[in-house]
Amino acid sequence: QVQLTQSGGGWVQPGGSLRLSCAASASPFTINAMGWYRQAPGKERELVATITGGGNTNYANSVKGRFAISRDSAKNTVWLQMNSLKPEDTAVYYCYAEKGTNRYWGQGTQVAVSS
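Below, the structure is looked at part by part. Each residue is numbered by its place in its chain's sequence as written, counting from 1. pLDDT decides what is reported in this predicted model: residues at 70 or higher carry local features, side-chain atom pairs at 80 or more are listed and counted, and totals for whole chains, interfaces and linings draw on all residues regardless. With hydrogens and water stripped out, all remaining heavy atoms of the structure feed into the side-chain values.

**Considering the sheet that holds strand β8 (residues 77-82)**
Adjacent strands of a sheet pair through backbone hydrogen bonds, lying either parallel or antiparallel. In this scheme, strands are said to pair when DSSP sees at least two bridges between them. Every helix listed is a DSSP run of H or I at least four residues long, and every strand listed is a run of E at least two residues long, numbered separately from the N terminus. The strand order across the open sheet built from four strands is β1-β3-β8-β7, with neighbouring strands paired in antiparallel fashion. Across the chains shown, the open sheet's two edge strands, defined by having one partner strand only, are β1 (4-7) and β7 (67-72). Neighbour-to-neighbour, the strand axes of the sheet open up by a mean angle of 15 degrees, direction not taken into account. Note on definitions: angles span 0 to 180 degrees between N-to-C directions of axes, and those axes are lines fitted to C-alpha atoms, for helices only across the stretch in contact.

**With respect to the environment of Q107**
Mapping Q107 onto the fold places it in the loop between β10 (102-105) and β11 (109-113). Relative accessibility decides the category of a residue: with a 1.4 Å probe and only protein chains considered, values under 20% of the type maximum give buried, values over 50% give exposed, and everything between is partly exposed. When its relative accessible area of 48% is taken as the criterion, Q107 is described as partly exposed. Taking C-alpha positions, Q107 is 9.6 Å from Y96, a pair spaced 11 residues apart along the chain. Within the structure, Q107 has its side chain in polar contact with the backbone nitrogen of Q6 (distance 3.1 Å). Whenever a nitrogen or oxygen atom comes within 3.5 Å of another N or O atom, the pair is scored as a polar contact, on the condition that within protein one atom can donate a hydrogen and the other can accept it, and that pairs from neighbouring residues in sequence are kept only if both atoms are in side chains.

**Here we look at the state of the cysteines**
Cysteine sulfur pairs qualify as disulfides if the two atoms are within 2.5 Å. The tally for this structure, following the rule as stated, stands at one disulfide. The partner cysteine of C22 in its disulfide is C95, sulfur to sulfur 2.0 Å. Disulfide C22 to C95: torsion about the S-S bond roughly 60 degrees, handedness right-handed. Here C22, found in strand β3 (residues 18-24), pairs with C95, found in strand β9 (residues 91-99); they are 73 residues apart in sequence, far enough to count as distant. Across this residue pair, the class does not change: C22 and C95 are buried.

**As for unusual backbone geometry**
Backbone geometry places F29, a non-glycine residue, at a positive phi of 65 degrees. Positionally, F29 belongs in the loop between β3 and β4 (34-39). For N76, which is not glycine, the phi torsion reads 50 degrees and is therefore positive. Summarising the element assignment, N76 is placed in the loop between β7 and β8.

**Here's the deal with the pairing of β1**
Residues L4 and Q6 of β1 are buried on one face, while the alternating residues T5 and S7, pointing to the opposite face, are not. In terms of strand pairing, β1 meets β3 through four bridges, oriented antiparallel. Paired with T5 across the bridge in β3 is A23.

**Notes on the nonpolar core**
Throughout this description, the term nonpolar core refers to a set of buried Ala, Val, Leu, Ile, Met, Phe, Trp, Tyr and Cys residues connected via side-chain atoms within 4.5 Å. Residues W36, L80, M82 and Y93 are the most contacted members of the largest nonpolar core, which totals 30 residues. Looking at this core, the elements that each hand over two or more residues are β3, β4, β5 (46-51), β7, β8, β9 and β11. Note on contacts: a residue pair qualifies if any of its non-hydrogen atoms lie within 4.5 Å across the two residues. With near-sequence residues (within four places) excluded, M82 lies in contact with G16, S17, L18, L20, R66, F67, Y93 and V111.

Function cannot be read off these values alone, since they describe shape.
Put into structure tokens, the structure is as follows:
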């Protein structure tokens, strides 16, 4: 019922920046929390950042001070601004959105950080 479409991944050198976008196909102001997970090769999926419908944010310690999450509830869109990227940030990034009691997932986008 709700589809999430991601964009903005790619390759960047260490210290560079990328901005990920994720749009949910839902009526305006019906999405609750939104956020981003990532999964690196050989590692478990980890929560990167979350943002509530009221705009409260939370970040994994590994990205605090470097990443910023934001949203537009009217457009059901969430962004992840990633600065000062490190090789260890390399992963597939997945956005999610919560509507009612359900959680929906984006298709994932690859972020690669290397020289």
